[in-house]
Amino acid sequence: MSLTVLPAGSGDFTDAIGTRRELVRESARRSLARRRIAGRIAIALCMVAVAISLAPLVALVAYTTSRGIRVLSWSFLTHVPTPPGIPGGGISSAIVGSVIIVGLAAVIAVPVGTMCALFLVERRGRLAGAIRFGADVLTGVPSIALGIFAYAVLIGPGSLIGHFSGLAGSFALAVLMLPIVIRASEAAMRSVPRDLWEAGLALGVRRSRVVRSVVLRGALPGLVTGNLLAVARAVGETAPLFVTVLGASLLVTNPLQPMGALSLTIFNNANQALPAAQQLAWGTAFVLLVLVLVLSVVARLVSARLNRQARR
Amino acid sequence: MHRGADSRRARDNHDGRDVSRRSLHRWSTLALALGALSLVAAACSSTPTAAKKKTQKTTASTTTTSPAPTTTSAVVAAAPTTTTAAPAAHTVATTPPKATSSACSTSGGPLSAACDTQSPSFKASGAGANSIQPFFTRVFYYYSQANKSVSVNYSPAGSSVGVTDIEQNTVSFGDSEIPIKTPASGTGGNIVQVPVDLGGVAISYNLPGVAAGLKLDGPTLAGIYLGKITKWNDSAITALNPGVNLPPTTIVPVRRADSSGPGYDLDQYLIDTGGSTWTGSAAGTTASTKWPITNVGIGEQLNTGVAGFIQQTPGAIGYVEYAYSLQAGFTNVALKNAAGSYVKPSQSSIAAAGSQATTLSATNFNIVNGGGAGTYPLANFSWTLLYQKQSNTSQGVALGKLFDWVTTTGQQQATALGYSPLPANVVALAHQTLLTLENSAGKALFTS
Amino acid sequence: MSTTLLEEVPPPRLSPVPGVKDGLQRRWARPGGRAYAILRWTGATIFAVIVIGLVVSLMASASQAFGHSGLSFLWSGTYNATKDIYPTGIYIIGTLITTAVAIVLAVPIGVGTAAFLSELAPKWLAGPLSVLIDLIAAVPSIVVGLWGLLVLSPVFARHVEPFLKKIPVLEWFFHGPAYGPSMLLAGTVLAVMILPTIVALSRTALASVASEDREAARALGATRWQVVRTAVVPGARTGIEAAVILAMGRALGETIAVSLVIGNNNALPHSLLAPGATLGSAIINNFGEANPGLDKSSVIGLVVVLLAITALVNIGGQLLLRRRLRAVGATT
């Protein structure tokens, strides 16, 4: 920044202007230097904040991997647990149990959630607003409350099934997934451009047909993302399963019986003093972590593809 | 221009369909892969389900010899193992004697060790005490190997969970460290209580540099758990342990956050020996499974939580089932018993406590603070809870034979894990109790 | 019947040609359209039944406890194991303290991270970093709790808590015996769990500030940081508040991770270093073994209290945001 100074003696008036201009420039330069330094300090603090944010993730993944990966093997994934002291145990019962429980939950939650999302998209008014509000509030409900709700309805005295079962766990997880599916589906369906709707309707096509052929197809990546994120959230939940599914160490495939689950295995084994049980628990934690991360990453990839497509 | 817009839109739609189809492919491939993995896992998985289907077809007649325990592909045969931390020696699996008697019957018949492995097929589910879990998992595993038609799932969620569950008839059997108050009953009728094992409660501590066998008595322990004694080199402790160099570390008392049998035992012991400091506090004069003083120290869930916390916290002291402390290699307190001796928990001292229960029953079950030179004062029997009236006869037969096996042949597994085998009079009591099982019509399930 | 279907006609701008509307209506009046309507209404009804059923069944189960002790259930401070009396008041205070600690720790770090990712970081860095931070949300809560118990707790007991006790100014917060599991540790674990929520939502809020505001600040000579501080963050304040409220709801409802690291002491904590209990940890500790009847009803009463607090926070936040958005909308 060069300082053009009028030659001295050009006149009192221009002198005053020049001095004033110089004063302003000088103070601006100083304040800019000050503001730049303050900005740099603030940006450095933000970078520290980012580092602090990333530290737990790195620590968690590193700890889980270091304790869990030693145990991982094909037999670990395909055998049932053995009593303490006997080698060769594994977590196949937990994997199968988790797949069945979460699978049943998805079978319940995805159709109901999509139907409800269709309702919200098609209808305006207080009822739709109330349901949307209800979905927003339901996302904030603690998962233990949903587990106890499932217990009261399906397990407690005088209820439908009467004993601990995988189905009760599926019900609790389905109620957990429902608001996520509803909101994600509604957002995905609303993101389909309005003119596609109208074009279909203008052709005289039935409304349901328009939704089926145009809207659902166009919203499919968003629907898949939302459902995958809901499944990822359900797979990692422990509290609702704790009170509805008793847990089982042997392989159980009947959802009306207590079954094993990955998160329950971790909880039951992780604090044990016996090293073999601890290894079992952390191996399970590693498997669960990988499963949830894979689901989240896949959901994100699908959503990125959706964004790229929409921008085109 | 109209046509151009149309063709552009047609192109876009085409791309959109392609992309969504590709996403659909990706999604369905992922789903198929997960499904395939679970199917493979189910297929390769161990014997009880697969073999059960095979043996269901073959065991039809009543005169069969007991099937030799075959180990099929997935289950590894039990072999002597050494684990790095636990000093316990794990014994080779002892197979039960092959039954040669022709009088055994899978629909009832005599209840004897020879016939215990012949029963209808049944997938039993049980819940209850955390303390008995190491014993139960091992015993049920060996039983399933000997009798392929029965498999047992046990959930060690705690004695109270077991009691609640069996009272509401949501499990096949429960297990509790403390018997239910008689007359015990639930939604399915009367409940019978069968003693199945004998265990002890160790007071474990983590004090680097101090050897095992630190001497403590009732008043001192009460002071620790009431928060009155806060340092390890407190005068009360040093008075009992002259010559031991105690550091000035803070004591961290650890207790069970949930209801527990070990908690009940320690509460009973402190009521008996802790004096008015304990009985005058919130603990009162009746022992309870929920630890009464909850504003001192740290509460952790289950034996595993307490053991884990003791392991990682220098200065911690807590109560755990002896089997857990043996597995972890903890240093245990030598507790003062009614005879005035300081006894450490061990298989022999716990057996000595059990042998004092000459008139054991569900109403007279307390063996805490027993006398005798080598008796450990914190021991208790574990009680399995079954409905007397079994609505499903074959399930009742299977359960009866299972627990008869557990109380006789299965006791061989107890020692290696840190439990003591049942004394002979207790085995007889168990047998007598199991003989009272009856079917829905009121007829006894077993003949003798 | 035809009047019901008429309500489902979309807004009139769809068919500007007069007379065509009638034809389209008649088309939808065909039975084929009815099945679709039934499908939608079924979904909505099932959802409504579930939500109402949740509230009704929990309150019905808890009614026995409330009937027994009346409203004093909400603020009882004594724990009586044999009489099945739970110190709800202590649990509520514990819940509020741990949530407050979590918010105090997570909000500055979260908003700073979001500001960095949204405004200050180069584009190639921002994407992967934000994905990484979102992955913390994907870690199951039980793994976080166990990590807190096995890794953080010894570190806290040996280094962090003694260090905090030595700071003279903060003595009111940090004093007394410290074993590791404490309100501070529970708050830290909760902060780790709610951080991704705050970062993701704040990032969205910051990114949605109109670029004209940024350009205006820049034109006035603001440095990059000043643009963020004076133009972007104030503009995103509503969204950031929404993020904090959502994160608060998540922290209030956490059960298993908290029960592992809080020490389960049924007493009022004397400082942040003391062990305590929250509603979530009390529920998970006591539900499984609660005797049927008054005991179980009391634990479900705790669930109802937790639900009420969470719902109040969520609903209050939503109403506040809607009012704020409406005010902003009115002025533009």
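Remember, it's a predicted structure, so these values are computed and weren't measured experimentally.

Quick word on unusual backbone geometry
The general pattern is negative phi for most residues beyond glycine and trans for most peptide bonds.
Then comes step 1: Of note, the amide linkage connecting Thr182(B) to Pro183(B) takes the cis form, showing an omega dihedral of -5°.
Then comes step 2: For Asn264(C), which is not glycine, the phi torsion reads 50° and is therefore positive.

Regarding the environment of Ala210(C)
Residues and elements named next belong to chain C.
Then comes step 1: Residue position: alanine 210 is located in the loop between helix H7 (183-207) and helix H8 (211-219).
Then comes step 2: Taking the relative accessible area as the measure of exposure, alanine 210 reaches 33% and is therefore partly exposed.
Then comes step 3: Along the chain, alanine 210 and glycine 235 lie 25 residues apart, while their C-alpha atoms are 8.5 Å from each other.

A look at a nonpolar patch on the surface
Then comes step 1: A surface patch of nonpolar side chains, amounting to about 320 Å² of accessible area, comprises Ile37(A), Ile41(A) and Leu45(A).
Then comes step 2: Tracing the sequence through the fold places Ile37(A) in helix H1 (residues 12-68).

Observations concerning a positive patch on the surface
Residue and element names in this part refer to chain A.
Then comes step 1: A contiguous patch of positive charge, built from Arg206, Arg209, Arg212 and Arg217, is present on the exposed surface.
Then comes step 2: Locating arginine 217 in the fold gives a position in helix H8 (residues 207-235).
Then comes step 3: By relative accessible area, arginine 217 is classed as partly exposed at 43%.

Some details on helix H6 (residues 166-190) of chain A
Residues and elements named next belong to chain A.
Then comes step 1: Its 25 residues place the ends of H6 35 Å apart at the C-alpha level, agreeing with the 36 Å of an ideal helix rising 1.5 Å per residue.
Then comes step 2: Where H6 bends most, at methionine 177, the angle is about 30°, and the proline proline 179 comes one to four residues later.
Then comes step 3: Extensive coverage of H6 is indicated by the burial of 19 of its 25 residues.

Quick word on the sheet that holds strand S6 (residues 215-216) of chain B
Sheet strands pair by backbone hydrogen bonding; their relative direction is either parallel or antiparallel.
Residue and element names in this part refer to chain B.
Then comes step 1: Read across the sheet, 3 strands follow the order S6-S11-S12 without closing on themselves; strand pairing throughout is mixed. Edge positions in the sheet fall to S6 and strand S12 (342-343), since each of these pairs with one other strand and no more.
Then comes step 2: Two strands pair when backbone bridges link them, and strand S11 (residues 334-336) and S12 are joined in this way by 2 bridges, in the antiparallel orientation. Across the sheet, leucine 335 pairs through a bridge with valine 343, a residue of S12.

What about the interface of chain C and chain B?
Then comes step 1: The interface of chain C with chain B comprises 29 residues on the first partner and 24 residues on the second.
Then comes step 2: At the junction of chain C with chain B, the criterion picks out 1 salt bridge.
Then comes step 3: Broken down by secondary-structure element, the contributors of at least two residues to the side of chain C that touches chain B are helix H6 (141-166), helix H11 (256-261), helix H12 (279-286) and helix H13 (294-331) of chain C.
Then comes step 4: It is H6(C) that contributes the most residues to the side of chain C that touches chain B, 5 residues altogether.
Then comes step 5: Class assignment of the residues belonging to the side of chain C that touches chain B gives a composition of 14 nonpolar, 10 polar and 5 charged.

Quick notes on the side chain of Glu321(B)
Then comes step 1: By the secondary structure assignment, Glu321(B) is in strand S9 (residues 316-321).
Then comes step 2: In this structure, Glu321(B) is buried with no salt-bridge partner, the nearest side chain bearing the opposite charge being Arg256(B) at 7.3 Å.

Thoughts on the interface of chain C and chain A
Then comes step 1: Across the boundary between the two partners, chain C contributes 74 residues, which contact 78 residues of chain A.
Then comes step 2: For the chain C and chain A pair, buried surface summed over both sides reaches about 6900 Å², with 79% attributable to carbon and sulfur atoms.
Then comes step 3: On the surface where chain C and chain A come into contact, there are 0 salt bridges.
Then comes step 4: Where chain C meets chain A, there are 6 residue pairs in polar contact (both at pLDDT 80 or more).
Then comes step 5: It is helix H3 (residues 31-69) of chain C that provides the largest number of residues to the side of chain C that touches chain A, a total of 17 residues.
Then comes step 6: A class-by-class count of the residues in the side of chain C that touches chain A yields 49 nonpolar, 18 polar and 7 charged.

Here's the deal with the pattern of salt bridges
Then comes step 1: Enumeration over the complete set of coordinates arrives at 10 salt bridges over all chains.
Then comes step 2: The partner of Arg194(A) in a salt bridge is Glu198(A), and the shortest N-O contact between them spans 3.9 Å. With Arg194(A) and Glu198(A) both in helix H7 (residues 194-202) and 4 residues apart, the pair spans about one turn of that helix.
Then comes step 3: Between Asp295(C) and Lys290(B) there is a salt bridge whose closest N-O contact spans 3.5 Å. Remark: Lys290(B) occurs in the loop between helix H8 (276-279) and strand S8 (298-300) and Asp295(C) occurs in helix H13; the pair is interchain, linking two chains.
Then comes step 4: Residue Asp295(C) is classed as buried on the basis of its relative accessible area of 1%.
Then comes step 5: Linked through salt bridges whose partners overlap, the residues forming this network are Arg132(A), Glu186(A) and Arg190(A).

Examining the packing of aromatic side chains
Each aromatic ring pair is characterised by the separation of its centres together with the angle its planes make.
Residue and element names in this part refer to chain B.
Then comes step 1: Within the structure shown, the criterion is met by 24 aromatic pairs over all chains.
Then comes step 2: Aromatic side chains phenylalanine 140 and phenylalanine 173 sit 5.9 Å apart centroid to centroid with 70° between the ring planes, which places their arrangement in the edge-to-face category. Of this pair, phenylalanine 140 sits in helix H3 (residues 133-146) while phenylalanine 173 sits in strand S3 (residues 173-176), and the two are 33 residues apart along the sequence.
Then comes step 3: With a relative accessible area of 4%, phenylalanine 140 lands in the buried category.
Then comes step 4: Arranged with centres 4.9 Å apart and planes meeting at 75°, the rings of phenylalanine 173 and phenylalanine 403 form a pair that is edge-to-face. Here phenylalanine 173, found in strand S3, pairs with phenylalanine 403, found in helix H12 (residues 393-407); they are 230 residues apart in sequence, far enough to count as distant.

Some points on the packing of H7(A) against H8(A)
Residue and element names in this part refer to chain A.
Then comes step 1: Look at H7 against H8: their axes get within 10 Å of each other, and the N-to-C directions meet at 135°. With respect to each other, H7 and H8 are oriented oblique. At the point where H7 passes H8, the crossing takes the right-handed sense. Residues Leu196, Trp197, Gly200 and Leu201 of H7 form the contact with H8, whose participating residues are Arg207, Val210, Val211, Val214 and Val215.
Then comes step 2: Residues of the contact of H7 with H8, tallied by class, amount to 7 nonpolar, 1 polar and 1 charged.

Some words on the environment of Phe66(C)
All names here are of chain C.
Then comes step 1: For phenylalanine 66, the position within the fold is in helix H3.
Then comes step 2: Of the residues examined, phenylalanine 66 reaches a relative accessible area of 23% and is grouped as partly exposed.
Then comes step 3: Sequence spacing of phenylalanine 66 and alanine 267 is 201 residues, and the spatial spacing of their C-alpha atoms is 22 Å.
Then comes step 4: When neighbours within four sequence positions are excluded, phenylalanine 66 is seen to be in contact with Phe73, Leu74, Gly301 and Val305.

Observations concerning the pairing of S3(B)
All names here are of chain B.
Then comes step 1: Side chains Phe173 and Asp175 project from S3 onto one buried face, and the interleaved Gly174 and Ser176 project onto a second face that is buried too.
Then comes step 2: In this structure, strand S1 (residues 122-128) lies alongside S3, joined through 3 bridges in parallel fashion. Each residue of the ladder has a partner; that of glycine 126, found in S3, is phenylalanine 173.
Then comes step 3: Summarising the sheet, S3 and strand S13 (residues 379-387) pair through 3 bridges and their orientation is antiparallel. Within S13, the position partnered with glycine 174 by the bridge is leucine 385.

A closer look at the confidence of the model for chain C
Residue and element names in this part refer to chain C.
Then comes step 1: Looking at chain C as a whole, its pLDDT mean stands at 83, while 88% of the residues score no less than 70.
Then comes step 2: Here helix H2 (residues 20-28) stands out as the element of chain C with the lowest mean pLDDT, 51, in contrast to helix H4 (residues 88-120), whose mean of 92 is the highest.
Then comes step 3: In the model, residues 27-31 has pLDDT below 50 throughout and makes 12 contacts with residues more than four positions away in sequence or in other chains.
Then comes step 4: Interface confidence in the predicted complex, given as ipTM, is 0.81; pTM for the same model is 0.79.

Calculation rules
Residues numbered from 1 in each chain as written. Chains lettered and ligands numbered in written order. Predicted model: local features only at pLDDT ≥ 70, side-chain atom pairs only at ≥ 80, totals over all residues. Heavy atoms only, no water. Helix = DSSP H or I, 4+ residues; strand = E, 2+ residues; numbered from the N terminus. Buried < 20%, exposed > 50% of the residue type's maximum accessible area, 1.4 Å probe, protein only. Patch = residues over 30% accessible without salt bridge, like charges linked within 9 Å, V, L, I, M, F, W, Y side chains within 5 Å. Areas by Shrake-Rupley, 256 points an atom, 1.4 Å probe, with all protein chains shown as cover. Salt bridge = Lys/Arg side-chain N within 4 Å of Asp/Glu carboxyl O. Lys, Arg positive; Asp, Glu negative; His and termini not counted. Charge placed at Lys NZ, Arg CZ, Asp CG, Glu CD. Expected span 1.5 Å × (residues − 1). Bend = angle between axes of the 7 residues up to and from the residue. Pairing = 2+ DSSP bridges. Contact = heavy atoms within 4.5 Å. Nonpolar A, V, L, I, M, F, W, Y, C, P; charged D, E, K, R; others polar. Buried area = accessible area lost by both parts, 1.4 Å probe. Polar contact = N/O pair within 3.5 Å; in protein donor to acceptor, adjacent residues only side chain to side chain. Phe/Tyr/Trp six-rings, centres within 6.5 Å; stacked < 30°, edge-to-face > 60°. Axes fitted to C-alpha atoms, helices over the stretch in contact; angles between N-to-C directions. Parallel < 35°, antiparallel > 145°, perpendicular 65-115°, else oblique. Left-handed = near helix turned anticlockwise from the far one by under 90°. pLDDT = per-residue confidence, 0-100.

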